[in-house]
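# Residue-level structural notes
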Amino acid sequence: MQEAEQSSAQQQTRSSTGWSLPSLTPLRVASLLAGSVAVHALPSLVPSWLSIAVLTVAAILLCRSAFNRAPVWFLLGFAWTLLRASLVLDAQLPDALHGRDFDVAGTILDLPQTGTDSTRFSFAIESAELDGEAVALRGKVRLNWYDDAPVLAPCSHWSLRLRLRSPRGFVNPGGNDGERSAAQRGWVAAGYVRDSEANRQIAAPTAICADGWRQSIAGAIGSQLGSGSASTLLRALAVGDQQTISQADWQVLRATGTGHLIAISGLHVGLFAAFGALLARGFWKAFPRITLGMPGPLIEAPVAMACAFGYGMLAGMGVPTLRTLLMIAVALLARYSRRSSSVSQALALAATAIVLWDPLAALSAGFWLSFSGVAILLLVTRARGVERPAWRELPRIQLMLSLAVLPMTVWFFGQGSLIGPLANLIAVPWISLVIVPLTVTGSLLVVDFPSLGLPILKLAEALLGGFWPLMEWMSSLPSAQRYFASAPLWACALALIGTGWSLLPWGPLTRALGLFLLLPLIIPSNTPLADGEFEVWMLDVGQGLSVFVRTSSEYWLYDAGPRYPSGFDVGDAVVVPSLHALGVDRLDLVTISHGDSDHAGGASAVRLAFPEAPFESGEPERLPMPAQACRSDATRASGGVTLRTLVAAGDQQGKSNDRSCVLAISSRHGSLLLTGDATTRIEPTIASGASALERPLVLQVPHHGSKTASSTAFLDALAPQLAVVSSGYRNQFRHPAAEVRERYAERSIALLNTAETGYLRLRFVASGLEIERGREARSAWWRKH
């Protein structure tokens, strides 16, 4: 009674003064999240001082009970995210220092990835110098150490000479947005270690180093179990080490929709928390006297948190793991405070905590998939007292969960698994309840007690190895994996409404109506082309070339982008995803101009994605797959558009560049000349064959703008209306060369460079030549340049 009176008095005091601590409701949490997300629609940011001012005002208003409303929460989320975004961009390497050498000191992070030609690792810069002067460069960088890299131990301290570049990525219709990822993860730069005597270890790893422990476990699993599929998957499940998983195994995981199980899912963290709670419950029930000082449930809470946190440390503390730990912590704190907390309340509080702790987390797909997954489970799980056999309930829940996350999976990844519901129905209990506990138990023992840990790991390997062929078979089924063309945001929003409608407790027919709202998302929406019209996409592939051409009835690809010594395959990372995003389900012709790696490096990835596509090349003998040799004057017609080979391999001898297969694509609406790496030696032959091409003429600048091409005679003979060049941003060859740019400028020939524009989309249509620049069309605050 006395406590109630005191509480009433406190409420009266707050009411009279108007000041109180802000309280949360579902609407306010949704408003906070909406404000945070709204920032990511901005093309640029406002000054930091303005963000600080708005944030301060919003925080003060929330402490006034009269203003503790959803719009103010929206303003708080907006201003806080805006400020954090500004701080992230300010921390990144300035563009003016791109390509400079820095002497830095810092610490090795995470698990270094050792390849055949380089070691890739994360590094936290603690101090940096440029030309002997200290510079304000701090934060995480992604590095490569080529050739004879030493063994890099996590948590060790090094002094290194680095050549750094600002975190600039490719901009394409498909593929990963590297600049967005860098902003979301807090990378300030990328680069490589220079060959220098300044490179040395200045301190050994600290005694307490979770990443060092993880590396020891990963090494023990690799040395004891080999490099087969089961072994590499066990390393991923044990310590989050995914670097050794083969592309073939990743394809199986993607096709079956089970990749989330390998990526240390929140489900695994939750299972270990439940295990800790059960362990503590068994202890206090065995020794009930300890509950005299503290109730049993309160004893369970810290043990559950400790088990979940321990597994999170073992798994590398990724963002999904941290999200799950926050949710568990919220629920356990509610238990300690003797307040009831539903799962939905824990979800809302965890979302609030993450937005306040890391407002840029909303840029990642995992944020939305993990939270929506839990919310959907709450929606489709039957109320207490409604009993159904698990064998009937689990398939229903899995099917509904797969349907509900389909719009976000298609939006973020451009693909979906049709076999996923069935595959997950089998894989989730087998991996989560059998493989993961065995793997973690064996991993904890294998380093210090190998005689105990190794048999357990071998058992896990055998069980996973026996299960994996089933996943491989499922992934090989027709249409197991389906790719979808990219769609506008409104289509994704409409699909989310449709799936939400389908999950509500209506009748079967009424539910099915919601599925029609998915059609704009899953059906390609390419603008149709009339007879004689064609569309060209020069992809942003760095220092390489890849051009996609679409007519009203056929798809052609010219070159497949580079593959780098580090193993990074632009064909796999950019070209193929971009083709899928454009709704391409086949290629009617693939022309690889010649065999140099910056043009042919991605050919294998293209062949894997489109195995029925015919290949031709100026140097077929240098390609890793069967290909026909280009033939001079060979023609191909499609929808009023003609493709003609002007120069073929058999016409030229000598250097590889001059064996480039040169193509002319023309219709009554204009022409495109694709020259590969042709030099001045064969430019007269090209000019002679291209003299009658329809105007406007667009020229792909030969050899990326090298001094060895684009002669004055060639440009005078062709007189193109537009020139397009594919080159790497601030590339080491300085392409396009200054004198080459001058030649084009002197002739008033507009020159567009993918290094500056991102992808280039050219539409040769009846109304004229239409041009779309990728960085303008897909502008965002995280694009500094």
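Residues numbered from 1 in each chain as written. Predicted model: local features only at pLDDT ≥ 70, side-chain atom pairs only at ≥ 80, totals over all residues. Heavy atoms only, no water.

### Observations regarding the overall build of the protein chain
Broken down by element type, the protein chain carries 28 helices and 24 strands. Considered along the principal axes of its C-alpha atoms, the protein chain spans approximately 100 × 60 × 60 Å. The proportion of buried residues among the 785 residues of the protein chain is 49%. Entry remark: accessible area of the protein chain is about 35800 Å², with carbon and sulfur atoms responsible for 60%. For the protein chain, the separation between the mean place of its 62 positive charges and that of its 58 negative charges on side chains is 10 Å. (Helix = DSSP H or I, 4+ residues; strand = E, 2+ residues; numbered from the N terminus. Buried < 20%, exposed > 50% of the residue type's maximum accessible area, 1.4 Å probe, protein only. Areas by Shrake-Rupley, 256 points an atom, 1.4 Å probe, with all protein chains shown as cover. Lys, Arg positive; Asp, Glu negative; His and termini not counted. Charge placed at Lys NZ, Arg CZ, Asp CG, Glu CD.)

### Let's talk about the pattern of salt bridges
Enumeration according to the criterion identifies 31 salt bridges in this entry. Here Glu535 ties to Arg763 by a salt bridge, and the two come within 3.1 Å at their closest N and O atoms. Of this pair, Glu535 sits in strand E10 (residues 534-538) while Arg763 sits in strand E23 (residues 760-765), and the two are 228 residues apart along the sequence. Across the pair, exposure class does not vary: Glu535 and Arg763 are buried alike. Salt-bridge contacts for Arg659 lead to Glu621; the nearest nitrogen and oxygen are separated by 2.9 Å. (Salt bridge = Lys/Arg side-chain N within 4 Å of Asp/Glu carboxyl O.)

### Focus: the sheet that holds strand E17 (residues 641-647)
As summarised here, the arrangement of the 7 strands in space is E16-E17-E18-E19-E20-E21-E22, forming an open sheet in which the pairing is mixed. In the strand order of this sheet, the two ends are held by strand E16 (635-638) and strand E22 (750-753), each with one partner. With direction set aside, neighbouring strand axes in the sheet form an average angle of 20 degrees. Of the pairings in the sheet, the one linking E16 to E17 comprises 4 bridges and is antiparallel in character. (Pairing = 2+ DSSP bridges. Axes fitted to C-alpha atoms, helices over the stretch in contact; angles between N-to-C directions.)

### Description of the sheet that holds strand E14 (residues 615-617)
With respect to topology, 8 strands assemble into an open sheet ordered E15-E14-E13-E12-E11-E10-E23-E24, the strand pairing being mixed. Each edge of the sheet is formed by a strand with only one pairing partner; in this case those strands are strand E15 (628-629) and strand E24 (768-773). Here 6 bridges tie E23 to E24, and the two strands are oriented antiparallel to one another. Counted as the bridge partner of Arg763 is Glu770 from E24.

### Observations regarding the packing of helix H6 (residues 210-225) against helix H7 (residues 229-239)
Taken N-terminus to C-terminus, the directions of H6 and H7 make an angle of 160 degrees; their axes are 10 Å apart at the nearest point. Put simply, H6 runs roughly antiparallel to H7. For the pair H6 and H7, the sense of crossing is right-handed. Here H6 contributes Arg214, Ile217, Ala218, Ile221, Gly222 and Leu225 to the contact with H7, which in turn contributes Ser231, Leu234, Arg235, Ala238 and Val239. Each residue belonging to the contact of H6 with H7 can be placed in one class, and the counts come to 7 nonpolar, 2 polar and 2 charged. (Parallel < 35°, antiparallel > 145°, perpendicular 65-115°, else oblique. Left-handed = near helix turned anticlockwise from the far one by under 90°. Contact = heavy atoms within 4.5 Å. Nonpolar A, V, L, I, M, F, W, Y, C, P; charged D, E, K, R; others polar.)

### Here's the deal with helix H3 (residues 48-62)
Taking 1.5 Å per residue as the helical rise, H3 with its 15 residues ought to reach 21 Å, and the 21 Å between its terminal C-alpha atoms agrees with that figure. Within the sequence span of H3, burial applies to Ser51, Leu55, Ala58 and Leu62. Buried residues of H3 fall within an arc of 65 degrees about the axis and therefore sit on the same side. (Expected span 1.5 Å × (residues − 1). Arc of directions from axis to C-beta.)

### Re the side chain of Thr551
Along the chain, Thr551 turns up in the loop between strand E11 (547-550) and strand E12 (555-558). Accessibility expressed as a relative area gives 2% for Thr551, which makes it buried. Polar contacts involving the side chain of Thr551 include one to the side chain of Ser638, which spans 2.7 Å. For Thr551, the residues in contact, after removing those within four places along its chain, are Leu529, Glu533, Phe534, Trp556, Ser638 and Val641. (Polar contact = N/O pair within 3.5 Å; in protein donor to acceptor, adjacent residues only side chain to side chain.)

### Let's talk about the environment of Val151
Tracing the chain through its elements places Val151 in the loop between strand E4 (139-146) and strand E5 (157-165). Given a relative accessible area of 76%, Val151 falls into the exposed group. As for Val151 and Phe484, which are separated by 333 residues in sequence, their C-alpha atoms are 42 Å apart.

### Quick look at the pairing of strand E21 (residues 722-725)
Residues Leu722 and Val724 line one face of E21 and the alternating positions Ala723 and Val725 line the opposite face, and both faces are buried. The sheet contact formed by strand E20 (residues 697-700) and E21 spans 3 bridges and is parallel. Note on E21: the bridge partner recorded for Val698 is Leu722. Running through helix H25 (residues 712-718), the crossover from E20 to the neighbouring parallel element E21 is right-handed. (Right-handed = clockwise from strand over helix to strand, strands pointing away.)

### What to know about the state of the cysteines
The full count for this structure, using the stated rule, is 2 disulfides. Between the sulfur atoms of Cys155 and its disulfide partner Cys209 the distance amounts to 1.9 Å. Between Cys155 and Cys209, the disulfide has an S-S torsion of 80 degrees and is therefore right-handed. Here the residue Cys155 occupies a position in the loop between E4 and E5, and Cys209 occupies one in the loop between strand E7 (200-203) and H6, the gap between them amounting to 54 residues. You'll find Cys155 and Cys209 in the same group, each marked buried. Sulfur-sulfur distance for the disulfide between Cys630 and Cys661 comes to 2.3 Å. (Disulfide = S-S within 2.5 Å.)

### Remarks on the packing of aromatic side chains
A full pass over the atoms with the stated rule returns 13 aromatic pairs. Ring centres of Phe121 and Phe123 lie 6.4 Å apart, and the angle between their planes is 90 degrees; this geometry places the pair in the edge-to-face category. The class of Phe121 is buried, set by a relative accessible area of 0%. By relative accessible area, which is 0% here, Phe123 ends up buried. For Lys140, the ring lying beneath its charged end belongs to Trp187, and the centroid distance is 5.0 Å. Taking the ring centre of Tyr729 as reference, the NZ or CZ of Arg168 above it sits at 3.9 Å. (Phe/Tyr/Trp six-rings, centres within 6.5 Å; stacked < 30°, edge-to-face > 60°. Lys NZ or Arg CZ within 6 Å of the ring centre and 35° of its normal.)

### Observations concerning the packing of H6 against helix H17 (residues 450-475)
In the contact formed by H6 and H17, the axes pass within 11 Å of each other and the chain directions differ by 70 degrees. Judged by the inter-axis angle, H6 sits roughly perpendicular to H17. When the axes of H6 and H17 are compared, the crossing they make is right-handed. Here Ile221, Gln224 and Leu225 of H6 lie close against H17, whose contacting residues are Leu454, Leu457, Lys458 and Glu461. Of the residues in the contact of H6 with H17, the class split is 4 nonpolar, 1 polar and 2 charged.

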